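Summary of the model geometry
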There are 2 protein chains.
Amino acid sequence: MSDVKILLTEKEMPRKWYNIMADMPNLPKPPLNPITKQPAGPEDLSAIFPMGLIQQEVSQERWIEIPEEVWEIYRLWRPSPLCRARRLEKALDTPAKIYYKYEGVSPAGSHKLNTAVPQAYYNKQEGITRLTTETGAGQWGVALSQACNFFDMECKVFMVKVSYQQKPYRRTMMQVFGSSVIPSPSDETESGRKVLAEDPDSPGSLGIAISEAVEVAAQRDDTNYALGSVLNHVLLHQTIIGLEAREQMAKAGDYPDVVIACCGGGSNFGGMAMPFAFDKLTRGAKVRLVAAEPTACPTLTRGKLGYDYGDTAGLTPLLYMYTLGSGFIPPGIHAGGLRYHGNSPILSQLLHDGIIEATALDQVACFEGAKLFAQCEGILPAPESAHAIQCAINEALAAREAGERRTILFNLSGHGLLDLPSYEAFMAGKLKDYPLPEEMLARSLASLPVV
Amino acid sequence: MSDVKILLTEKEMPRKWYNIMADMPNLPKPPLNPITKQPAGPEDLSAIFPMGLIQQEVSQERWIEIPEEVWEIYRLWRPSPLCRARRLEKALDTPAKIYYKYEGVSPAGSHKLNTAVPQAYYNKQEGITRLTTETGAGQWGVALSQACNFFDMECKVFMVKVSYQQKPYRRTMMQVFGSSVIPSPSDETESGRKVLAEDPDSPGSLGIAISEAVEVAAQRDDTNYALGSVLNHVLLHQTIIGLEAREQMAKAGDYPDVVIACCGGGSNFGGMAMPFAFDKLTRGAKVRLVAAEPTACPTLTRGKLGYDYGDTAGLTPLLYMYTLGSGFIPPGIHAGGLRYHGNSPILSQLLHDGIIEATALDQVACFEGAKLFAQCEGILPAPESAHAIQCAINEALAAREAGERRTILFNLSGHGLLDLPSYEAFMAGKLKDYPLPEEMLARSLASLPVV
């Protein structure tokens, strides 16, 4: 029987990222300055981002070289394995072949490190010695902490206060890697102090934490801000996932009929799907690219395409994207990484143009799927990744129904070892679904900014 | 530059375990029946172990075939990677080459799954449908839960009550894989009820949990007991670690001057070191084999070689081993897996005969070493594995002192993602060392059973 794990050697690891902006039938509309509402230029971003990343943000070059120093860090854990989920196939009694790419082998436990490392690198190149960021449950904060540690940079993470208190594991992990972790809202920033003045017991939110991190980054010349998803350069860095997966599928002598990944801000799905979108756009490949999102935060399946702010306070540039409205507050599902009101401009455009598709899944079903996957394949998935799994299971069952031997590929973006309390709640029957009422959605969308 | 990770394909994974009893200059003395004090025969063990494992316990065959069904499960995560810790070498400014074998890639997060899978398999072969075991922090309980899940068997884990309450992550993980997890002491067994009658608030201990698990296993014909270390068959199964590592070192064109692993009951160190002991015993290889244990529980470095009980209650067969006395209660160091008063009979004999050596390390130094390792290589080590790391660091510094390009190989037996509270205590400066006072040791050793 052929191997369970399809591996690449370090020498086979891609040397370039893939930039889909070279091949899109329609480019995403540019971001707008939130005050002037005119297209935002490099100068709008240079207070908090280095030129190396700003250039990538607007580049239309198809292949962008991975710097040697980044490649050297990547190979501490990359190439990541591609696995055939034979035991899951058997449990589902499906003729479908199910492959999964496993990004949980990264020391940060998820795909987030793929962009954290180059972001730290390009900042370091331009003399920046400190990065700030926000984090909710902590996946992104851990990744950026590790990346800064690798490049001997300081890292200051504003962690949503309720997570800081309730999720000490990832907080400690950031500290082991040398980061300073601040519960947000804090009294270190004007934004934080303002919130605390109104509500000293504020549990915090991602929106507030972003404001604090951006404020600190904008104040000091040695400090920049780093974002873990949504932007073009973030998606670019993540394409290493799909580029490796494509090589590995070729090694397995196979090609996917459908490629699936979970989708919050878009970097995980984009990273997996865009190299296959390349095949579709330039070589006529017949492959479906499916973004799996939660029904509780159905940005791509029920949102509206238009300009909106990236944060709740309305301080960021306006992005042209599918959005539920920047005032939308997603219910407390356990897949914290998928609780974002918008999506990346690139993926929004690709969805609008019919290159990719999207589907929404319920929380409880996703945990059922994750448990079945764990029992079959051993790996405990992150709640975010559970959406990709459940979507893949649905595809495998559809293949059984149709009696077709389809090939399914999904990205297992991270492990769930630090999400075990979510599994505890699931096992105790305490999780529920949050279908989004039509009138609530309409209300939220009614408040989109007028451009 | 050569690869960071030296990988084997699944086809290169060993098909046989190595049984050092074929090559030992002196065989370990046999276990004794705790009542008659006569050598224990298969009948003494058959109430709780299957014949397949009892035969391995006494076998002197050099190579023992890995059953196809076990091999099929192994390859969900094996062969595990061997890595060159170049960034650690650089941080230590040492001419030494440091390699580590990484067992944390197993879905259970440690090497324990290497023996849990064959133990479940051999029991299943003989019609057993349920296994019982004890667990402290939960590493072994998780591994056996996964193994039973893979073979559709039930698993009942008696978890030390204080860990059950304080360490919910691993408890939940066992439950995800279908195990029933009981806080021990429980009212489900006579041993448990007896303890509870005397002290309703008993926090439990590994000794009590073993008694409960063995009692349940002895009662029912469909149920057996599984032990995660110490016994010959357990060490045998773990040799897959060292066998792979030996092949990987050869691929790297290298051979270790010193092989290091942490040592509690002995299965981790034995699994790593015995294939190299084979080279030493049969081919004259000059390789030092160093067991790293905690100063708080210095079984091999300060214990006495003699017959002693495996448990605190004195119910198990008497084993001829280095021991601190079965009444010895190790202080609460965070490396829970190294808190055992005895060691395996095989390793005890090898130490006595000068084939292996041992060293003891302080808790705080081990966490310092683990933090440095994490910052260099990315991976957060388990507190047990931290002992191997600190020992390797000491060897690397000695090589620098001597100006010699020595080759160091150690086993990183597991990741520490579920041990983050221990790191939190370490970062807060709350950890301390527990040197064992001479008079306390003498008192404990004075109570060894007379044989």
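See the structure printed just above.
All values reported here derive from a predicted model rather than from experimental measurement.

A look at the overall build of chain A
A tally of regular secondary structure across chain A gives 18 helices and 15 strands. The C-alpha radius of gyration computed for chain A amounts to 20 Å, which stays within 12% of the reference 22 Å derived for 451 residues, consistent with globular compactness. When its C-alpha atoms are laid out on the principal axes, chain A stretches across 60 × 50 × 45 Å. Looking at the 451 residues of chain A, the share that counts as buried comes to 65%. Here the contacts in chain A between residues at least 6 apart in sequence split such that 76% fall between residues at least 24 apart. Working note: accessible area of chain A is about 15700 Å², and carbon and sulfur atoms make up 51% of it. When the 42 positive and 51 negative side-chain charges of chain A are each reduced to one mean point, those points stand 5 Å apart.

Considering the interface of chain A and chain B
Size of an interface, as often reported, equals the accessible area lost when the parts are brought together. Every contact between the two is made by 45 residues of chain A and, on the other side, 45 residues of chain B. Roughly 4000 Å² is buried in total at the junction of chain A and chain B, and carbon and sulfur atoms are behind 59% of that figure. Inspection of the chain A/chain B interface yields 20 residue pairs in polar contact (both at pLDDT 80 or more). In terms of residue count, the dominant contributor to the side of chain A that touches chain B is helix 8 (residues 168-176) of chain A (7 residues).

Quick look at the packing of aromatic side chains
If you walk through the whole model with that rule in mind, you get 29 aromatic pairs over all chains. Relative to Phe 373 of chain B, the ring of Tyr 100 of chain B has its centre 5.1 Å away and its plane inclined at 80 degrees; by these criteria the two rings are edge-to-face. Note that Tyr 100 of chain B is positioned in strand 5 (residues 97-102) and Phe 373 of chain B in helix 15 (residues 363-377), a separation of 273 residues in sequence. Per residue, the accessibility class of Tyr 100 of chain B equals that of Phe 373 of chain B, and both read buried. The rings of Tyr 18, Trp 63 and Phe 278 of chain A are connected pair by pair, giving a single aromatic cluster. The ring of Tyr 99 of chain A has Arg 84 of chain A lying over it, and the distance from NZ or CZ to the ring centre is 5.6 Å. When the ring centre of Tyr 164 of chain A is taken as origin, the NZ or CZ atom of Arg 171 of chain A, which lies over that ring, is 4.7 Å away.

Regarding the packing of helix 15 (residues 363-377) of chain A against helix 16 (residues 383-402) of chain A
Residues and elements named next belong to chain A. Their axes nearest at 8 Å, the elements helix 15 and helix 16 cross at an angle of 85 degrees. On the basis of their axis angle, the class for helix 15 and helix 16 is roughly perpendicular. For the pair helix 15 and helix 16, the contacting residues are Ala 365, Cys 366, Phe 367, Gly 369, Ala 370, Leu 372 and Phe 373 in the first and Pro 383, Ala 386, His 387, Ile 389, Gln 390 and Ile 393 in the second. Of the residues contributing to the contact of helix 15 with helix 16, the split by class is 10 nonpolar, 3 polar and no charged.

A closer look at the sheet that holds strand 9 (residues 223-225) of chain A
All names here are of chain A. In space, the 4 strands of this open sheet follow the order 8-7-6-9, with parallel pairing throughout. Looking along the sheet, the strands with just one partner apiece sit at the ends: strand 8 (180-184) and strand 9. Between one strand axis and the next, the sheet turns through 25 degrees on average, direction left out of account. In the packing of helix 6 (residues 139-150) onto the sheet, the strands contacted are strand 6 (130-135) and strand 7 (154-160), and the crossing angle to strand 6 comes to about 165 degrees.

Points about empty space enclosed by the protein
Enumeration over the complete set of coordinates arrives at 6 cavities of 30 Å³ or more. Its volume calculated, the largest cavity comes out at about 870 Å³. In terms of lining residues, the largest cavity is bounded by 42 residues, among which Tyr 102 and Val 105 of chain A together with Tyr 102, Gly 104 and Val 105 of chain B are the most central. Taken together, the elements giving at least two residues each to the lining of the largest cavity come down to strand 5 (97-102) of chain A together with strand 5 of chain B. Along the lines of polarity and charge, the residues of the lining of the largest cavity split into 28 nonpolar, 10 polar and 4 charged.

Here's the deal with the side chain of Lys 5 of chain B
Position of Lys 5 of chain B among the secondary structure elements: in strand 1 (residues 5-6). Polar side-chain contacts of Lys 5 of chain B include one of 2.6 Å to the backbone oxygen of Arg 75 of chain A. In this structure the side chain of Lys 5 of chain B is engaged in a polar contact, spanning 2.5 Å, whose partner is the backbone oxygen of Arg 78 of chain A. Beyond its immediate stretch of four places on either side in the chain, Lys 5 of chain B contacts Glu 10, Arg 75, Leu 76, Trp 77, Arg 78 and Pro 79 of chain A together with Leu 82 and Cys 83 of chain B.

Considerations on the sheet that holds strand 7 (residues 154-160) of chain B
All names here are of chain B. Read from one edge of the open sheet, 4 strands run 8-7-6-9, paired in parallel fashion. If you trace the sheet from one side to the other, it starts and ends with strand 8 (180-184) and strand 9 (223-225), each paired once. Across the sheet, the mean angle from the axis of one strand to that of its neighbour is 25 degrees, orientation sign disregarded.

Here's the deal with the pattern of salt bridges
A side chain with one charge can pair with a side chain of the opposite charge if their charged atoms come near. Summed over all chains, the structure comprises 44 salt bridges over all chains. Its salt-bridge partner being Asp 222 of chain A, residue Arg 220 of chain A comes within 2.9 Å of it at the nearest N-O pair. Residue Asp 222 of chain A is classed as partly exposed on the basis of its relative accessible area of 27%. Across the pair Glu 12 of chain B and Lys 251 of chain B runs a salt bridge whose closest N-O atoms are separated by 3.1 Å. Residue Glu 12 of chain B is located in the loop between strand 1 and strand 2 (16-18), and its partner Lys 251 of chain B is located in helix 11 (residues 232-251); the two are separated by 239 residues in the primary sequence.

Some thoughts on the pairing of strand 15 (residues 407-412) of chain B
Remember that side chains alternate between the two faces of the sheet whenever the strand is regular. Residue and element names in this part refer to chain B. The buried count for strand 15 comes to 6 of 6 residues, which makes it a mostly enclosed element. Here strand 15 shows a buried face lined by Thr 407, Leu 409 and Asn 411 and a second buried face lined by Ile 408, Phe 410 and Leu 412. Here 6 bridges tie strand 5 to strand 15, and the two strands are oriented parallel to one another. Paired with Ile 98 across the two strands is Ile 408, which belongs to strand 15.

Examining the relation of the copies chain A and chain B
Relative to chain B, chain A is turned by 180 degrees and slid 0.0 Å along the rotation axis, the superposed coordinates differing by an RMSD of 0.0 Å. The superposition of one copy onto the other is thereby described by a two-fold rotation axis. In this assembly, 100% of the residues forming the interface of chain A have copies in chain B that are likewise at the interface, indicating an isologous arrangement.

Description of the side chain of Thr 407 of chain B
Residue and element names in this part refer to chain B. By secondary structure assignment, the location of Thr 407 is in strand 15. When its relative accessible area of 3% is taken as the criterion, Thr 407 is described as buried. Non-local contacts of Thr 407, meaning those with residues more than four positions away in its chain, are made with Lys 97, Tyr 99, Met 249, Asp 254, Tyr 255, Pro 256, Asp 257 and Val 258.

So, how was this worked out
Residues numbered from 1 in each chain as written. Chains lettered and ligands numbered in written order. Predicted model: local features only at pLDDT ≥ 70, side-chain atom pairs only at ≥ 80, totals over all residues. Heavy atoms only, no water. Helix = DSSP H or I, 4+ residues; strand = E, 2+ residues; numbered from the N terminus. Rg over C-alpha atoms; globule rule 2.2 N^0.38 Å. Buried < 20%, exposed > 50% of the residue type's maximum accessible area, 1.4 Å probe, protein only. Contact = heavy atoms within 4.5 Å. Areas by Shrake-Rupley, 256 points an atom, 1.4 Å probe, with all protein chains shown as cover. Lys, Arg positive; Asp, Glu negative; His and termini not counted. Charge placed at Lys NZ, Arg CZ, Asp CG, Glu CD. Buried area = accessible area lost by both parts, 1.4 Å probe. Polar contact = N/O pair within 3.5 Å; in protein donor to acceptor, adjacent residues only side chain to side chain. Phe/Tyr/Trp six-rings, centres within 6.5 Å; stacked < 30°, edge-to-face > 60°. Lys NZ or Arg CZ within 6 Å of the ring centre and 35° of its normal. Axes fitted to C-alpha atoms, helices over the stretch in contact; angles between N-to-C directions. Parallel < 35°, antiparallel > 145°, perpendicular 65-115°, else oblique. Nonpolar A, V, L, I, M, F, W, Y, C, P; charged D, E, K, R; others polar. Pairing = 2+ DSSP bridges. 1 Å grid on protein atoms, 1.4 Å probe; cavity = no way out; pocket = protein on both sides within 12 Å on 5 of 7 lines; lining within 4 Å. Points joined across faces, edges and corners; volume = space filled by probe spheres on them. Salt bridge = Lys/Arg side-chain N within 4 Å of Asp/Glu carboxyl O. Least-squares fit on C-alpha atoms with pLDDT ≥ 70 in both.

Everything listed here is a matter of geometry and, on its own, says nothing about what the molecule does.
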